[in-house]
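Spelled out from the first residue to the last, the chains are:
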Amino acid sequence: MNDPNKNQQLKIELTEETGQGIYSNLAVISHSPTEFVIDFIRVMPGIPKASVKSRIILTPEHAKRLFVALKDNVTRFEKQFGMIKHVDEGGFNPIMFGGPAGQA
């Protein structure tokens with residue numbers, strides 16, 4: 001017997017606004033027994049306050065799928081473009097962007 005859902009394709013709509021994306025240079029991940037929460041944050045140099053730009057809430061199963069998909073994509077990226085520089089977890093300070101300090 002044929003499964004009518006087997007041949008259906010999911011149509012995904014991407015609006016122009018969403019397609020522009022939201023830049024994030026910091027992610028904070030937390031979890032409970034039933035969900036993972038990923039907060040995407042934009043930190044700007046010289047500004048001591050940062051705000052969450054987007055929050056994604058996932059079931060543990062979807063978080064695991066995301067993990068596997070990210071790992072696969074990073075592997076393919078590095079095969080094509082070379083190794084991604086690893087940031088030392090202990091010493092990363094998102095406020096320190098480097099470069100000369102701005103003056104007014």
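Just above sits the structure.
This structure is a prediction, so every number in the text was calculated from the model and none was measured. (Residues numbered from 1 in each chain as written. Predicted model: local features only at pLDDT ≥ 70, side-chain atom pairs only at ≥ 80, totals over all residues. Heavy atoms only, no water.)

> Please clarify how the overall build of the chain should be interpreted in this entry.
When helices and strands are tallied, the chain shows 2 helices and 3 strands. When its helices and strands are written in sequence order, the chain yields α-β-β-β-α. For the chain, the residues scored as buried account for 7% of the 104 residues in total. Within the chain, contacts between residues separated by at least 24 positions form 24% of all contacts whose residues are at least 6 apart in sequence. (Helix = DSSP H or I, 4+ residues; strand = E, 2+ residues; numbered from the N terminus. Buried < 20%, exposed > 50% of the residue type's maximum accessible area, 1.4 Å probe, protein only. Contact = heavy atoms within 4.5 Å.)

> Can you walk me through helix α2 (residues 60-81) in this structure?
Helical geometry: 3.6 residues make up each α-helical turn, so side chains three or four residues apart lie on a common side. Across its 22 residues, α2 extends 31 Å between first and last C-alpha, which sits within 8% of the 32 Å expected from 1.5 Å per residue. Count one or two residues on from α2 and you reach G82, which has phi positive near 100°. (Expected span 1.5 Å × (residues − 1).)

> Can you help me understand the sheet that holds strand β3 (residues 51-58) in this one?
Adjacent strands of a sheet pair through backbone hydrogen bonds, lying either parallel or antiparallel. On the basis of which strands lie adjacent, the open sheet formed by 3 strands has the order β1-β2-β3 and antiparallel pairing. Two strands close off the open sheet at either side, each with one partner strand: β1 (26-31) and β3. Taking the axes of each pair of neighbouring strands and ignoring which way they run, one obtains an average angle of 20° across the sheet. Note: strand β2 (residues 36-42) against β3, 7 bridges, orientation antiparallel. Its bridge partner lying in β3, F36 is registered against L58. Helix-sheet contacts for α2 involve β2 and β3, and the interaxial angle to β3 is about 110°. (Pairing = 2+ DSSP bridges. Axes fitted to C-alpha atoms, helices over the stretch in contact; angles between N-to-C directions.)

> What is the right way to read the pairing of β1 from this model?
Consecutive residues of a regular strand have side chains that alternate between opposite faces of the sheet. In this sheet, β2 lies alongside β1 in antiparallel orientation, the contact comprising 6 bridges. When the sheet's bridge partners are listed, H31 is paired in β2 with F36. Hairpin connection between β1 and β2: a loop of 4 residues separates the two successive antiparallel strands.

> I tried to follow the pattern of salt bridges on my own but got confused; where do I start?
Pairs can form between side chains of opposite charge whenever their charged atoms are close. Under the counting rule described, the total for this entry stands at 2 salt bridges. Put simply, R55 and D39 hold a salt bridge, and the shortest N to O gap is 2.6 Å. Separated by 16 residues along the polypeptide, R55 in strand β3 and D39 in strand β2 bring together distant segments of the chain. Take D39: its relative accessible area is 10%, and that puts it in the buried class. For D72, the salt bridge is made with R76, and the minimal N-O distance between the two is 3.1 Å. With a gap of 4 residues between them, D72 and R76 both fall in helix α2, about one helical turn apart. Judged by relative accessible area, D72 falls into the partly exposed class, the value being 39%. (Salt bridge = Lys/Arg side-chain N within 4 Å of Asp/Glu carboxyl O.)

> I keep staring at the side chain of D39 and nothing clicks. Help me out?
Within polar-contact distance, the side chain of D39 engages the side chain of R55 at 2.6 Å. Setting aside residues up to four positions removed in sequence, D39 forms contacts with L26, A27, V28, V52, S54 and R55. (Polar contact = N/O pair within 3.5 Å; in protein donor to acceptor, adjacent residues only side chain to side chain.)

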